[in-house]
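Letter by letter, the chains look like this.
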Amino acid sequence: MKKFLSRIALGAMALLMLAGTVHAEELLLVPQPLSTVLSGGVFKVTAKTPLIVESGDENPARIFAEQMMPLFGQKKPMTITTRGEGIRLSIDPTLEAEGYKMTTTKKGICISGGSEAGIFYGLQSLRQLIHTYEGCIPCGEILDAPNFAYRGAHFDVCRHFFTVEEVKRYIDILAAHKLNRLHWHLTDDQGWRIEIKAYPELTEKGSMRKETLIGHCHRPEGFDGIPYGGYYTQEQIREVVDYAAKRYITIIPEFEMPGHAQAALHALPWLGCEEQQVEVWTQWGVTPEVMCGGKESTYQFLETVLSEIVALFPSELIHIGGDECPKERWKVCEHCQARMEALGLKSENQLQGYLIERIEKFLNGYGRRLIGWDEILECGVTPTATVMSWRGTEGGITAAKRGNQVVMTPMEPCSFDFYQTKSQEGEGLQIGGHVSFEKVYAWDPYKGLNEEEKKYILGVQCNLWTEYILDMRHVEMKLLPRLAALSEVQWATERRNEKSIRPRMEQLRKFYEACGWNYAPYYFKGRE
Ligand code: TNX
């Protein structure tokens, strides 16, 4: 049966070659490798093929062996050793750090990586190949390396909460697509999700909302009356950070300031301009309840929380939010107005600029760098902050022209909470918008930039906001298969292949099924 299936895959490839949709030297892989040269013949990988670690740490082999268990239907992972024939792994410092070379002969497979991460990405390609070609890996050589250094996906666990196991599953999906950043959105109006030892109230009070809005926030249909919440202990956070690191994914934590902070204000009312009593928000949208930008106690709070965050997350970039902060409260607040006057600031936006700049200096003191949503540009951003362009690409273009580093994540096509089809049929209630697989695949993140400015685009990411996404099955359906299109924008930016993406996706879809991941059917049914 297995042999038969592998013949089907090879046969399908031959047919596609005849039809001219897949180049003779192309393997069915997503994202598309840099170059592939086939030399004829195959090497058969089975559950008994050993992994030979010639140089570098054992970790990539260990994770791969674990990942292959469901695909092989094994109870025991593949053997890892240091000598012999099979799948040989080694470091080759002449390759790009995240790049790899995979050479397959009839005797075995050699994967060399510029670093352990490079070996890991080679093994992720091999995992897809083993599945697609039923273990019969075509002989030849694959050379591969990513275009962008930052290949991210964001996950909002505030609007709806996801357990440690679910976040790990999210990480597994990112790793299979060669992403290397998880932007973990941990604080917002509707829930504070990270234990902070200095302020236990944040999770004791701020992680629970008393109920949740029913229906779309523009057409509310009442409240459900059901308390909702959840948070991660610091121990759990460490566990997730470590799990991601073993898959070569850096977690960038996001601590929202000074807006999107109503859950924190509920826990610690003195954070607000008038110490107003507010609830953990039960609705979606933008609330006027924000942290006071005038009182020194706010700054002490921000720094104390950040000092715990930097201790938990080794990421150089730390996300401070900075988006959607209405200034109504600040305009009538004696503390905000007094600080503005003392600093000679002319607008409330400049006061936010002062806050962000102060926080940036604080993070720099820990050897970290600040990243924030593109609103920080309107507040007089420093040249050293990294800008995450979400309201379009204009913010990112402006930032790149000014010499700031940029992560491009415009709502279209990067808001993965948006509808995947124009008709919206069968998609249930979602926030709105339209981001199809095709839109993601066709997107040029460099549009509007010259060669010099392109260098400031650190990378690309998708955002998964979860107002209307309640469980993991739905999360997976939002990610897949659009994440595959995104991964090719991130990894294979200039070598995307419009003609071969469909046959490659047909294989990847079966890979998703083998991994037990839920994916959206629309692209495969030809619905845009
Ligand atoms: C905008 S993207 C937001 C989020 C919402 C999202 C819904 C950004 C910085 N802010 O707070 O959840 O839209 O799509």
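A brief structural summary.

Each value, and the rule that gives it
Residues numbered from 1 in each chain as written. Predicted model: local features only at pLDDT ≥ 70, side-chain atom pairs only at ≥ 80, totals over all residues. Heavy atoms only, no water. Helix = DSSP H or I, 4+ residues; strand = E, 2+ residues; numbered from the N terminus. Rg over C-alpha atoms; globule rule 2.2 N^0.38 Å. Buried < 20%, exposed > 50% of the residue type's maximum accessible area, 1.4 Å probe, protein only. Contact = heavy atoms within 4.5 Å. Lys, Arg positive; Asp, Glu negative; His and termini not counted. Charge placed at Lys NZ, Arg CZ, Asp CG, Glu CD. Near = heavy atom within 4 Å. Polar contact = N/O pair within 3.5 Å; in protein donor to acceptor, adjacent residues only side chain to side chain. Pairing = 2+ DSSP bridges. Axes fitted to C-alpha atoms, helices over the stretch in contact; angles between N-to-C directions. Right-handed = clockwise from strand over helix to strand, strands pointing away. Salt bridge = Lys/Arg side-chain N within 4 Å of Asp/Glu carboxyl O. Core = buried A, V, L, I, M, F, W, Y, C linked by side-chain atoms within 4.5 Å.

### Comments concerning the overall build of the protein
Part 1: Along the backbone of the protein there are 18 helices and 21 strands.
Part 2: For the protein, whose C-alpha radius of gyration is 24 Å, the value lies close to the compact-globule estimate of 24 Å for 528 residues.
Part 3: Judged by the C-alpha coordinates and their principal axes, the protein covers about 75 × 50 × 45 Å.
Part 4: In the protein, which comprises 528 residues, the proportion classed as buried is 60%.
Part 5: Taking as baseline every contact in the protein between residues at least 6 positions apart, the subset at least 24 positions apart corresponds to 72%.
Part 6: A gap of 8 Å separates the mean positions of the 59 positive and 69 negative side-chain charges of the protein.

### Digging into the site of the ligand
Part 1: The immediate surroundings of the ligand are formed by R159, H260, D323, E324, W373, W390, D417, I431, W465 and E467.
Part 2: A distance of 2.7 Å is found between an oxygen atom of the ligand and a side-chain nitrogen or oxygen belonging to R159.
Part 3: At 3.2 Å, a side-chain N or O of D323 approaches a nitrogen atom of the ligand.

### Brief notes about the sheet that holds strand β18 (residues 369-373)
Part 1: Ordered in space as β8-β9-β16-β17-β18-β19-β20-β21, the eight strands form a closed barrel in which the pairing is parallel. Averaged over all adjacent pairs, the angle separating strand axes in this sheet is 30°, with direction ignored.
Part 2: Looking at chain direction, strand β16 (residues 250-257) and strand β17 (residues 317-321) are connected through two bridges and run parallel. Bridge pairing links M257 to G321 in β17.
Part 3: Set on the sheet, helix α8 (residues 296-312) makes contact with β16 and β17; between it and β16 the angle comes to about 170°.
Part 4: Contacts between helix α17 (residues 482-491) and the sheet are confined to β8 (150-156) and β21 (457-464), with β21 contributing the most and set at about 170° to the helix.

### Some details on the pairing of strand β19 (residues 386-389)
For a regular strand, side chains alternate in direction, first toward one face of the sheet and then toward the other.
Part 1: Here β19 shows two buried faces, one formed by T386 and M388 and the other by V387 and S389.
Part 2: Pairing of β18 with β19 involves three bridges; the strand directions are parallel. The residue of β19 that forms the bridge with I371 is T386.
Part 3: Each parallel crossover has a hand, and the one from β19 via helix α12 (residues 394-402) to strand β20 (residues 406-408) is right-handed.

### Regarding the sheet that holds strand β4 (residues 87-91)
Part 1: Spatially, β1-β7-β5-β6-β4-β2-β3 is the arrangement adopted by the seven strands of the open sheet, whose pairing is mixed. Since the sheet does not close on itself, it has two edges, and those belong to β1 (35-44) and β3 (80-81), each with one partner.
Part 2: Judged from the five bridges that link them, β4 and strand β6 (residues 108-113) form a sheet pairing that is parallel. Pairing of I87 across the sheet is with I109, part of β6.

### Some details on the pattern of salt bridges
Between side chains of opposite charge, a pair can form as their charged atoms come close.
Part 1: Counting across every chain of the model gives 32 salt bridges.
Part 2: R159 is paired through a salt bridge with D156; the nearest N and O atoms lie 3.1 Å apart. Each member of the pair, R159 as well as D156, carries the same accessibility label: buried.
Part 3: With its nearest N and O atoms 3.3 Å apart, the salt bridge here joins R509 to E506. Note that R509 and E506 are positioned in helix α18 (residues 501-515) at a spacing of three residues, about one turn of the helix.
Part 4: One salt-bridge network, in which partners are shared between bridges, spans D156, R159, D188 and E467.

### Regarding the environment of L265
Part 1: Positionally, L265 belongs in helix α7 (residues 262-267).
Part 2: Excluding residues within four positions of it along the chain, L265 makes contact with L271, G272, Q276, V278, E289, V290 and M291.

### Observations concerning the nonpolar core
One broad trend across soluble globular proteins is that nonpolar side chains are buried collectively.
Part 1: I87 and F301 are the most contacted members of the largest nonpolar core, which has 149 residues in total.
Part 2: With sequence-adjacent residues up to four places away left out, F301 is seen in contact with W192, Y199, L202, F255, L268, W270, L271 and M291.
Part 3: In this structure, I371, M388, W390 and W465 belong to the second largest nonpolar core, which totals 10 residues.

Taken by themselves, the reported measurements are silent on function.
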